[in-house]
Amino acid sequence: RIVPFSGYPKDNADEYAALTQRFNLPSQFTAECDMGLTHSFGTRLAHERSETMWMHFLVEYPGDLPQHQPRWLRSGLVMTWDQPDSGGSFVEGPYSVRLIVFSPPAEMLRRLSKFIISPQWKDATIDPYVLIDLALFSWYETVDRIAWLVTKRVRADEVDIFSRAQNLRVTQTRIKDLDLGRIHTNAKNAIFMIEGLDAAIRLVSMALLEHESLPERDSVVWRNTHRSLRHQSELFHSSRLRTLSSRDRIKNTTDLAFHIGAVHDSRIGLRDSRSMRIISIVGTIFIPFSAISSVFGTQFFTSVGPYMYVNPEFWILWAIAMPITLTVLIIWLVWEQWDWCCSRLVRVGLFIQRQDGEDEETMKKN
């Protein structure tokens, strides 16, 4: 029996209470639904001929646009299988299997529908983990589609950054609208994706471990299911490697975006420095004129008719100006030497501290 349940227990409390009462669902499964776990895996023996297993899986689905908030896709299942009983003694034979799936993805519903009407449905009565294999593959299809979506957006960021880097010499207006928030969002999606894939790989590992405890290890169905579960693990690993590559590419894109911004700012600074240089050159040209006009504009020069008279106390101007100028220069030189000595002492202190630390490590090793 396969029972798809739309939503999660806390979304449909009344219906879930009825399911719990009817099918004796594990209390741990209900408690884990409210914890927001990335994944969980558990088993329970009702008696010597009945076993229950449950799973939770959580993965992030990015928004339709980079600026949209992501959605969290949660799915879970509870499977119970009963071994046959003949007169109170254990007899190997077909299992009675019951599977309840919560918030199943569309891929899982489609595969379950095809499986029920196919001749292979009897395999689940020989090895219940056939249904677990089907559910894991459905989850893989969903996760792999999300992983490709993340990769596609990372590629779009790379194309945008590379085009900006190539056009950096041509124009500088396009640098201003660089969307660093979008790059950060894609990096966050890749991190969440890796977390979800690690959780899925852990689920497959636990399923493989529990699958080995079934008594029907010599049957063809058991061997095929075990091999298929190992294949599921490799599929999840493949998507994880691709997402790790996307995360590293995001890091390169972030570094390139930072360098583009630095180059842009440095070019602006260079342009401003050129403007200041021109202003300095113009000011230098007119400094002699300003100095001469300032001197002749003092009260020490008097013009009477075609003649100009110099005040006998003209020496006072130089007696005051020259000592003040020399004092300012001396203060500046002393300040420069003091700053250099302080920085030198700091470097020497750091060097001595590092040497003391290395000596202590050498003594500990000896």
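It should be noted that the structure appears before, not after, this text.
Heads up: these notes are all about the structure in this document. (Residues numbered from 1 in each chain as written. Predicted model: local features only at pLDDT ≥ 70, side-chain atom pairs only at ≥ 80, totals over all residues. Heavy atoms only, no water.)

1. Structural notes on the pattern of salt bridges
Phase 1 of the analysis: Enumeration according to the criterion identifies 8 salt bridges in this entry.
Phase 2 of the analysis: Taking the shortest distance from any N to any O, the salt bridge between aspartate 198 and arginine 240 comes out at 2.4 Å. Here the residue aspartate 198 occupies a position in helix 6 (residues 180–211), and arginine 240 occupies one in helix 7 (residues 220–296), the gap between them amounting to 42 residues.
Phase 3 of the analysis: The class of aspartate 198 is partly exposed, set by a relative accessible area of 33%.
Phase 4 of the analysis: When salt bridges that share partners are traced, they join Asp157, Asp160 and Arg182 into one network. (Salt bridge = Lys/Arg side-chain N within 4 Å of Asp/Glu carboxyl O. Helix = DSSP H or I, 4+ residues; strand = E, 2+ residues; numbered from the N terminus. Buried < 20%, exposed > 50% of the residue type's maximum accessible area, 1.4 Å probe, protein only.)

2. Some points on the packing of helix 5 (residues 129–166) against helix 7
Phase 1 of the analysis: At their nearest, the axes of helix 5 and helix 7 sit 9 Å apart, and the two run at 15° to each other. Judged by the inter-axis angle, helix 5 sits roughly parallel to helix 7. Every pair of crossing elements has a handedness; the one defined by helix 5 and helix 7 is left-handed. (Axes fitted to C-alpha atoms, helices over the stretch in contact; angles between N-to-C directions. Parallel < 35°, antiparallel > 145°, perpendicular 65-115°, else oblique. Left-handed = near helix turned anticlockwise from the far one by under 90°.)

3. What about the packing of aromatic side chains?
Phase 1 of the analysis: On inspection of all chains with the given rule, the structure shows 7 aromatic pairs.
Phase 2 of the analysis: Pairing phenylalanine 57 with tryptophan 139 gives two aromatic rings, centres 5.3 Å apart and planes at 25°, and the pair type is stacked. Of this pair, phenylalanine 57 sits in strand 3 (residues 50–61) while tryptophan 139 sits in helix 5, and the two are 82 residues apart along the sequence. The pair phenylalanine 57 / tryptophan 139 is uniform in exposure class, with both members buried.
Phase 3 of the analysis: Put simply, the rings of Phe137, Tyr140 and Phe236 touch in pairs and so form one group of aromatic residues.
Phase 4 of the analysis: Against the face of tryptophan 148 rests arginine 242, its NZ or CZ located 3.9 Å from the ring centre. (Phe/Tyr/Trp six-rings, centres within 6.5 Å; stacked < 30°, edge-to-face > 60°. Lys NZ or Arg CZ within 6 Å of the ring centre and 35° of its normal.)

4. Some thoughts on the layout of surface pockets
Phase 1 of the analysis: Quantified by volume, the largest pocket comes out at close to 280 Å³.
Phase 2 of the analysis: Along the wall of the largest pocket there are 14 residues; nearest its centre are Arg111, Phe115, Val130, Asp133 and Leu134.
Phase 3 of the analysis: Those elements that place two or more of their residues in the lining of the largest pocket are helix 3 (106–116), helix 5 and helix 7.
Phase 4 of the analysis: A per-element tally of the lining of the largest pocket places helix 7 first, with 5 residues.
Phase 5 of the analysis: Within the lining of the largest pocket, the residues separate by chemical class into 5 nonpolar, 5 polar and 4 charged. (1 Å grid on protein atoms, 1.4 Å probe; cavity = no way out; pocket = protein on both sides within 12 Å on 5 of 7 lines; lining within 4 Å. Points joined across faces, edges and corners; volume = space filled by probe spheres on them. Nonpolar A, V, L, I, M, F, W, Y, C, P; charged D, E, K, R; others polar.)

5. Focus on the nonpolar core
Phase 1 of the analysis: Membership of the largest hydrophobic core comes to 44 residues, with the highest contact counts inside it found for Met53, Met55, Leu77 and Ile132.
Phase 2 of the analysis: Among the elements of the structure, strand 3, strand 4 (71–82), strand 7 (96–102), helix 3, helix 5, helix 6 and helix 7 are those that each provide at least two residues to this core.
Phase 3 of the analysis: Among the elements that line this core, the one with the most residues is helix 5, at 12 residues.
Phase 4 of the analysis: Once residues within four sequence positions are removed from consideration, methionine 53 is found in contact with Phe41, Gly42, Thr43, Leu77, Val78, Met79, Trp81, Tyr129 and Ile132. (Core = buried A, V, L, I, M, F, W, Y, C linked by side-chain atoms within 4.5 Å. Contact = heavy atoms within 4.5 Å.)

6. So, the state of the cysteines
Phase 1 of the analysis: The full count for this structure, using the stated rule, is 0 disulfides.
Phase 2 of the analysis: With no disulfide of its own, cysteine 341 lies closest to cysteine 342 among cysteine sulfurs, the gap being 7.0 Å.
Phase 3 of the analysis: Residue cysteine 342 is classed as partly exposed on the basis of its relative accessible area, which comes to 30%. (Disulfide = S-S within 2.5 Å.)

7. Concerning the side chain of serine 118
Phase 1 of the analysis: Looking at the element boundaries, serine 118 is found in the loop between helix 3 and helix 4 (123–126).
Phase 2 of the analysis: In terms of polar contacts, serine 118 uses its side chain to reach the backbone carbonyl oxygen of phenylalanine 115, at 2.8 Å. (Polar contact = N/O pair within 3.5 Å; in protein donor to acceptor, adjacent residues only side chain to side chain.)

8. Some remarks on the side chain of serine 50
Phase 1 of the analysis: Note on placement: serine 50 falls in strand 3.
Phase 2 of the analysis: Of note is the side chain of serine 50, whose polar atom sits 2.7 Å from the side chain of aspartate 82.
Phase 3 of the analysis: Those residues in contact with serine 50, other than ones at most four positions away along the chain, are Arg44, Leu45, Thr80, Trp81 and Asp82.

9. Concerning a nonpolar patch on the surface
Phase 1 of the analysis: There is a patch of nonpolar side chains on the surface, built from Ile278, Ile281, Val282, Ile285, Phe286 and Phe289 and spanning about 610 Å² of accessible area.
Phase 2 of the analysis: With respect to the secondary-structure elements, isoleucine 281 resides in helix 7.
Phase 3 of the analysis: Take isoleucine 281: its relative accessible area is 44%, and that puts it in the partly exposed class. (Patch = residues over 30% accessible without salt bridge, like charges linked within 9 Å, V, L, I, M, F, W, Y side chains within 5 Å. Areas by Shrake-Rupley, 256 points an atom, 1.4 Å probe, with all protein chains shown as cover.)

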